[in-house]
Amino acid sequence: MLIQLTHIRLLVSNYTECFVFYRDALGFAIDWGDENSGYAELHTGDSIKLALFKKELMAEAVPSAYQPSAIECHNKVALVFAVDNVDEFYYHLKDYHAIVVTQPLDRPEWGLRTAHFRDPDGNLIEIFSNMSSVN
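Residues numbered from 1 in each chain as written. Predicted model: local features only at pLDDT ≥ 70, side-chain atom pairs only at ≥ 80, totals over all residues. Heavy atoms only, no water.

(A) Spatial organisation of the packing of helix 1 (residues 15-25) against helix 3 (residues 86-95). At a minimum axis separation of 10 Å, helix 1 and helix 3 run at an interaxial angle of 140 degrees. By the angle between their directions, the pair helix 1 and helix 3 is classed as oblique. Crossing handedness for the pair helix 1 and helix 3: right-handed. The segment helix 1 lies against helix 3, with Phe21, Asp24 and Ala25 engaging Phe89, His92 and Leu93. Classifying every residue of the contact of helix 1 with helix 3 gives four nonpolar, one polar and one charged. (Axes fitted to C-alpha atoms, helices over the stretch in contact; angles between N-to-C directions. Helix = DSSP H or I, 4+ residues; strand = E, 2+ residues; numbered from the N terminus. Parallel < 35°, antiparallel > 145°, perpendicular 65-115°, else oblique. Left-handed = near helix turned anticlockwise from the far one by under 90°. Contact = heavy atoms within 4.5 Å. Nonpolar A, V, L, I, M, F, W, Y, C, P; charged D, E, K, R; others polar.)

(B) Representation of the sheet that holds strand 2 (residues 29-32) within the structure. The sheet built from four strands is open, its strands ordered 1-4-3-2 with mixed pairing. On the outer flanks of this sheet lie strand 1 (7-12) and strand 2, each paired with one strand and no other. Neighbour-to-neighbour, the strand axes of this sheet turn through a mean angle of 30 degrees, independent of strand direction. (Pairing = 2+ DSSP bridges.)

(C) Broad picture of the packing of aromatic side chains. Under the defined criterion, the tally for this structure stands at seven aromatic pairs. Between Tyr90 and Phe117, the aromatic rings sit 5.6 Å apart at their centres with planes inclined by 40 degrees, giving tilted as the arrangement. Of this pair, Tyr90 sits in helix 3 while Phe117 sits in strand 7 (residues 112-118); the two residues are 27 residues apart in sequence, bridging distant segments of the chain. Comparing Tyr90 with Phe117, the two get one shared label, buried. Taken together, the ring pairs in this structure connect Trp32, Tyr39 and Phe53 into an aromatic cluster. Over the ring of Trp110 we find Arg107; its NZ or CZ atom is 4.7 Å from the centre of that ring. (Phe/Tyr/Trp six-rings, centres within 6.5 Å; stacked < 30°, edge-to-face > 60°. Buried < 20%, exposed > 50% of the residue type's maximum accessible area, 1.4 Å probe, protein only. Lys NZ or Arg CZ within 6 Å of the ring centre and 35° of its normal.)

(D) The arrangement of the sheet that holds strand 8 (residues 124-130) in detail. Strand order across the open sheet formed by four strands is 5-8-7-6, with mixed pairing between neighbours. The open sheet terminates on both sides in strands that have one partner only, identified here as strand 5 (78-82) and strand 6 (99-107). Pairs of neighbouring strands in the sheet enclose a mean axial angle of 15 degrees, with direction left out of account. Both strand 6 and strand 7 contribute to a ladder of six bridges, which runs antiparallel. Across the sheet, residue Val100 finds its bridge partner in strand 7, namely Phe117.

(E) Region of the structure containing the side chain of Glu41. Within the fold, Glu41 resides in strand 3 (residues 39-43). Although buried, Glu41 forms no salt bridge, and the nearest oppositely charged side chain, Lys49, lies 5.0 Å from it. A distance of 2.9 Å separates the side chain of Glu41 from the side chain of Tyr39, its partner in a polar contact. Residues in contact with Glu41, not counting those within four places in the same chain, are His7, Ala29, Ile30, Asp31, Trp32, Lys49, Leu50 and Ala51. (Lys, Arg positive; Asp, Glu negative; His and termini not counted. Salt bridge = Lys/Arg side-chain N within 4 Å of Asp/Glu carboxyl O. Polar contact = N/O pair within 3.5 Å; in protein donor to acceptor, adjacent residues only side chain to side chain.)

Below, the structure written as structure tokens:
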């Protein structure tokens, strides 16, 4: 039996804002969907798609008995992206008014330089580059 991860789907409340953020601020090409479609697939490489889906549309597909409680909880997942230069990408995202969580920081114990943001729906995003490739 084969199982393969093909998509990471974010169920978002602010679909249009998230679509624009991932397209414009993060620079992902769109494989399917647009600002108004309620669902979009973003090209992140050859093997895994990042998808955005309006929470309300997903709720129609999943009966309410199987949905989690209404308790708000952050950081159940983090999207992690490798970038060439954390500092340059950090300032690029700030130009798009990304919600800054942490500024660029060397993490020698990880061998990485990182920064953290939230998308318009509150999802945690980490950008990183290997410290050996940081100037």
